[in-house]
Amino acid sequence: MAEVGGAATREHGLPTSLLEGYLTALVDVAVHDRRLTRVEEAHCRALGAEAAQQGVGLPALVDLYMSASRRLWPRLPALVAGARGRPLDPAGLVTVGEAVWRAADTALAALAAGHEEAQREVVRREEAFRREFVDDLLTGRSEVGSLVERAERLGLALAGSHTVTVAATDRPADSGMHLTKWLEDEARVRFGDRGLLVAAKDGRLVSVISSGAAQGREGDGHALAEAAGPAVARLTRRPHWRVGVGRSHPGPRGVLRSYREAVDALEVAERLDLPERVVHARDMLVYRVLLRDEAAISDLVGTVLGPLEGARGGPEALVTTVEAYFADGRNAASAARRLHLSVRAVTYRLQRVRELTGYDPTDPADQLPLMVAVTGARLLDWPATPLSGD
């Protein structure tokens, strides 16, 4: 049995420990015409788990056991005859064969079960490690040294600069959708061996990529965003998607900063209902400035647009008209097409805004306070949400 086991393991380049007890059990099964015991099955399960932990694939493990069984089979009749003290007749040989191959089948099933359980456990541990690392990285709760050390295990060199993108649809994304692995594979094809991490967090798809030479709109963050958006939309079965792109920053805290910028850009774009699907933090800075002093912007909205609450039907239609008028370069005809109204209706509404507020959308001197006030209204979700102090 040592000779048979040694030959089989040398053929496959695997340790002999993975066959421990198997050939002995086969011989005993053949001699006593029995099945494998529960203890022997449990031992095979443990060997399957051990093989998985050593990185031995299940096909290679099955090949090893089949090779060892095949090498043992020609010697079994003599072994059984010697143990029983009489030669085997043809019927006895058939009985031995049935017992041996039944036992081999049982052993292989136990090996596969043990191997699969161990693989699942490895995946669970890796997923838990990944989730904990991502949470610590994107919340700033962990020490920098710990983050750097754990990042290396995931292929990230946090000493360099990284860009973060955050993709979202109206349906939360989670790692169980196989979305993260798919996007990582796609990104590695495009960006090669660059440091990359993709994870689901707070229902959004977060991607961290080491920054290349090109930055801004043409950088890797933008390219990754254009890949992540359609991917999250397709795999969540939602047609509408948007991706926020943070700026590139160095170090572990730079990743956190870029992530927060990407989230802020995404949320501001949602509030303003911007048409762009990929929004950059650098382009949202002016809105972040407005939101930084919410009391002041709330006061401005109330002062400039508050009188519109006295309009028939409320202020929403008038605010929307001013917003469209400015968005279309102060062109009433273009704004009318955008709003599916007549030019006369748009002109009337702009006149009502002037009458109620004292600010004329067509007067260059009044355009800045009106534009800022309308933008602030969208950021504060006014008039649907009351202004602070109301």
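Described below are features of the structure shown in this document. Numbering of residues starts from 1 in each chain and follows the order in which that chain's sequence is written. Side-chain atom pairs in this predicted model are given and counted only at pLDDT of 80 or more, local residue features only at pLDDT of at least 70, and totals for whole chains, interfaces and linings cover all residues. The side-chain figures draw on all heavy atoms in the structure; neither hydrogens nor water molecules are used.

**Concerning the overall build of the chain**
We apply this condition: Strands here are runs of E lasting at least two residues and helices are runs of H or I lasting at least four, both read from the DSSP assignment and numbered beginning at the N terminus. It is over C-alpha atoms that the radius of gyration is taken, and the globule rule equals 2.2 Å times the number of residues to the power 0.38. We call two residues in contact when some of their heavy atoms are within 4.5 Å. Only four residue types enter the charge count: Lys and Arg as positive, Asp and Glu as negative, with His and the chain ends excluded. All charge positions are set by atom: Lys at NZ, Arg at CZ, Asp at CG, Glu at CD.
Scanning the chain from N- to C-terminus turns up 16 helices and six strands. In terms of overall size, the chain is more extended than a compact globule, its C-alpha atoms giving a radius of gyration of 34 Å where 390 residues would be expected to give roughly 21 Å. For the C-alpha atoms alone, the extent of the chain along its principal axes is close to 115 × 40 × 35 Å. Partitioning the intrachain contacts of the chain with sequence separation of at least 6 by distance along the chain shows that 70% fall at a separation of at least 24. Between the averaged position of the 49 positive side-chain charges in the chain and that of its 53 negative side-chain charges there is a distance of 2 Å.

**Description of the side chain of histidine 249**
Operational definition: Note on exposure labels: buried denotes an accessible area under 20% of the residue type's maximum, exposed denotes more than 50%, and partly exposed covers the range between, all computed with a 1.4 Å probe on protein chains only. Any pair of N or O atoms that falls within 3.5 Å is considered a polar contact. Within protein, one atom must be able to donate a hydrogen and the other to accept it, and sequence-neighbouring residues count only if both atoms are side-chain atoms.
Note that histidine 249 resides in strand β5 (residues 249–250). According to the relative accessible area criterion, histidine 249 is buried, its value standing at 8%. Polar side-chain contacts of histidine 249 include one of 3.2 Å to the side chain of glutamate 261. When neighbours within four sequence positions are excluded, histidine 249 is seen to be in contact with Gly160, Ser161, His162, Gly254, Arg257, Ser258 and Glu261.

**Some points on empty space enclosed by the protein**
We count it as follows: Definitions used for this entry: grid spacing 1 Å over protein atoms alone; cavity, a set of points where a 1.4 Å probe fits but cannot get out; pocket, an open set with protein on both sides within 12 Å along at least 5 of 7 lines; lining residue, one with an atom within 4 Å of a point. Grid points are joined across faces, edges and corners, and a volume is the space filled by probe spheres set on the points. Side-chain classes follow a simple rule in which Ala, Val, Leu, Ile, Met, Phe, Trp, Tyr, Cys and Pro form the nonpolar group, Asp, Glu, Lys and Arg form the charged group, and the remainder, Gly included, forms the polar group.
Evaluation of the coordinates by the stated rule reveals two cavities of 30 Å³ or more. A volume near 40 Å³ is recorded for the largest cavity. Around the largest cavity, the lining residues are Val134, Leu137, Leu138, Leu197, Val198, Ala199, Val206 and Val208. Those elements that provide at least two residues to the lining of the largest cavity are α6 (90–139), β2 (196–201) and β3 (204–210). Classifying every residue of the lining of the largest cavity gives eight nonpolar, no polar and no charged. A volume near 30 Å³ is recorded for the second largest cavity.

**Notes on the layout of surface pockets**
Estimated volume of the largest pocket: approximately 730 Å³. In terms of lining, the largest pocket is formed by 23 residues, of which the most central are Leu272, Leu274, Pro275, Glu323 and Ala327. Elements with a contribution of two residues or more to the lining of the largest pocket: β6 (278–280), α13 (316–327), α14 (332–339) and α16 (364–379). The element that contributes the greatest number of residues to the lining of the largest pocket is α13, accounting for five residues. Across the lining of the largest pocket, the residue classes break down as 13 nonpolar, three polar and seven charged.

**A word on the pairing of strand β1 (residues 161–168)**
Convention followed: When DSSP finds two or more bridges between two strands, those strands count as paired.
Among the eight residues of β1, seven are classified as buried, and the element is accordingly described as predominantly covered. Where β1 and β5 come together, two bridges link them in antiparallel fashion. Within β5, the position partnered with histidine 162 by the bridge is histidine 249. Sheet topology note: the β1/β3 ladder contains six bridges and is antiparallel. By the bridge assignment, alanine 167 is partnered in β3 with leucine 205.

**Re the nonpolar core**
Threshold: Think of a nonpolar core as a cluster: buried Ala, Val, Leu, Ile, Met, Phe, Trp, Tyr and Cys residues, connected wherever their side-chain atoms sit within 4.5 Å.
Tyr287, Val301, Leu305 and Trp382 are the most contacted members of the largest nonpolar core, which has 35 residues in total. Going through the elements one at a time, α10 (251–272), α11 (285–292), α12 (294–305), α13, α14, α15 (343–357) and α16 are the ones with two or more residues in this core. Counting residues in hydrophobic clusters, the runner-up holds 34 residues, among them Ala25, Val31, Leu47 and Val80.

**Things to note about the pattern of salt bridges**
Applicable threshold: Whenever Lys or Arg places a side-chain nitrogen within 4 Å of a carboxyl oxygen from Asp or Glu, that contact is recorded as a salt bridge.
Going through the model one piece at a time under the given rule, you end up with 20 salt bridges. The partner of arginine 45 in a salt bridge is glutamate 117, and the shortest N-O contact between them spans 2.1 Å. One end of the pair, arginine 45, is in helix α3 (residues 38–53); the other, glutamate 117, is in helix α6, with 72 residues separating them in the sequence. Residue arginine 45 is classed as partly exposed on the basis of its relative accessible area, which comes to 34%. Linking arginine 257 and glutamate 261 is a salt bridge whose minimum nitrogen-to-oxygen distance equals 3.7 Å. Of the two residues, arginine 257 and glutamate 261 both sit in helix α10, four residues apart, roughly one turn of that helix.

**Here's the deal with the side chain of threonine 9**
Tracing the backbone shows threonine 9 in helix α1 (residues 2–12). Side-chain polar atoms of threonine 9 contact the backbone oxygen of glycine 5, separated by 3.0 Å. Beyond its immediate stretch of four places on either side in the chain, threonine 9 contacts Leu14, Pro15, Thr16, Leu19 and Leu64.

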